[in-house]
Structure formats: structure tokens, C-alpha cells
Amino acid sequence: MKQKVDIRKIGIDDIKCAAELEQEIFSDPWSPGTLTQTACNEHELLIGAWSTDGVLSGYAALSFILDEANINRIAVRKEFRRQNIGSGLLTAAEELLGDEISIYNLEVRQSNTPAINLYLSAGYQIVGERKRFYTDPCENAILMTKRKV
């Protein structure tokens, strides 16, 4: 069953939950300090998806300048995957950033087929590869871009 979630900006009070999710999902988790800097930076966006029972089920971190944004992180808790939370976070980020942003870029692990499929279904295209971009384990990154028309 798909969960209904509330997507909103992550505030300072939510950093602990986001840091716990980082530890759960990533082999190179961001620190609470990095998440706090992201939440407070005027050129970055940190949004979260909260389930009806108040659990942070996922979040997205983006940076942006001029008309270009980079998706730096998208994380969804394992028990909330395949419930459109990732696509909801992408859509919400685009809505919050508005028409000023016309290009979205990201890197994704070559082995992360579910994420690659999510981005392809959201209109991203594969534009290149970065050799040995990721560590722990060492892996290539797929470069993807979406241009809004």
C-alpha cells in the first residue's frame, strides 16, 4: 500500500532524523553539520517526506545557481521504497525551485538501477559517465540531465 506523505523543507529540528537516514542509506553519509549547512544555505534546498505517523521516509538535497540545479542526494528508507516517494521529492523540488531553474544534473551509482529508472521516468537522460567516482565500494557514476522546456 502506498503511503501518503507530507513533503516540506527540512528545518534545524529535523536534522537528527535526516542524519539517521544518511547513516542507514549511504556508505559515505553526510554529517549532521553538513546537513545543517545545507538546510541553512540560500543556494541549497533540503526537503523531506514525512509519513502520516511522523517518520522521515525520505529526503532530497539540491544545490543551485543561476538556472542550474544539482541533485546531491535522494534517500528513501527501505520500507518506504516503491511508493512514489522519490518521484514526489523530485517533483516537489522542481516546484519549490520554480521556473528559474531550467537544467537539473545528477550523478548516480552505475549499479543503482532503481534510481536510474526513477530518473529516466522523471525525464532525465544519460549524458555521460565518471570513472571511479564513488568509493566504498569503488564504482563509476552515471551522469544524468533534465532540461525543462
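Residues numbered from 1 in each chain as written. Predicted model: local features only at pLDDT ≥ 70, side-chain atom pairs only at ≥ 80, totals over all residues. Heavy atoms only, no water.

### Some points on the side chain of Arg77
Phase 1: Counting through the fold element by element, Arg77 comes out in the loop between β4 (68-76) and α3 (85-97).
Phase 2: Under the relative-accessibility criterion, Arg77 is labelled buried at 11%.
Phase 3: Reaching out from Arg77, the side chain makes a polar contact with the side chain of Glu24 at a distance of 2.8 Å.
Phase 4: For Arg77, the residues in contact, after removing those within four places along its chain, are Cys17, Leu21, Glu24, Ile25, Val55, Leu56 and Ser57. (Helix = DSSP H or I, 4+ residues; strand = E, 2+ residues; numbered from the N terminus. Buried < 20%, exposed > 50% of the residue type's maximum accessible area, 1.4 Å probe, protein only. Polar contact = N/O pair within 3.5 Å; in protein donor to acceptor, adjacent residues only side chain to side chain. Contact = heavy atoms within 4.5 Å.)

### Observations concerning the packing of aromatic side chains
Phase 1: Per the stated rule, a full pass over the model turns up 2 aromatic pairs.
Phase 2: Between the aromatic rings of Tyr119 and Tyr124, the centroid separation amounts to 5.7 Å while the plane-to-plane angle is 65 degrees, which identifies the pairing as edge-to-face. Here the two residues Tyr119 and Tyr124 agree in accessibility, since each one is buried.
Phase 3: Sitting above the plane of the Trp50 ring, Arg8 keeps its charged end 3.7 Å from the centroid.
Phase 4: We note Arg73 situated over the ring of Phe26; from NZ or CZ to the ring centre the distance is 3.9 Å. (Phe/Tyr/Trp six-rings, centres within 6.5 Å; stacked < 30°, edge-to-face > 60°. Lys NZ or Arg CZ within 6 Å of the ring centre and 35° of its normal.)

### Thoughts on the pattern of salt bridges
Phase 1: By the definition in use, this model includes 9 salt bridges.
Phase 2: A salt bridge links Glu139 to Arg109; its shortest N-O distance comes to 3.1 Å. One end of the pair, Glu139, is in strand β7 (residues 139-147); the other, Arg109, is in strand β5 (residues 103-109), with 30 residues separating them in the sequence.
Phase 3: Overall, Glu139 belongs to the buried group, its relative accessible area being 14%.
Phase 4: Residues joined by salt bridges that share partners form a network here, namely Asp6, Arg8 and Asp14. (Salt bridge = Lys/Arg side-chain N within 4 Å of Asp/Glu carboxyl O.)

### Quick notes on unusual backbone geometry
Phase 1: Going from Asp136 to Pro137, the amide bond is cis rather than trans, its omega being 0 degrees.
Phase 2: Of note, Pro137 is situated in the loop between β6 (125-134) and β7.
Phase 3: Positive phi is not limited to glycine here, since Asn84 has a value of about 65 degrees.
Phase 4: Structurally, the position occupied by Asn84 is in the loop between β4 and α3.
Phase 5: Positioned with a positive phi, Arg132 is a non-glycine residue whose angle comes to about 50 degrees.
Phase 6: Checked against the element boundaries, Arg132 lands in strand β6.
Phase 7: Judged by relative accessible area, which is 61%, Arg132 ranks as exposed.

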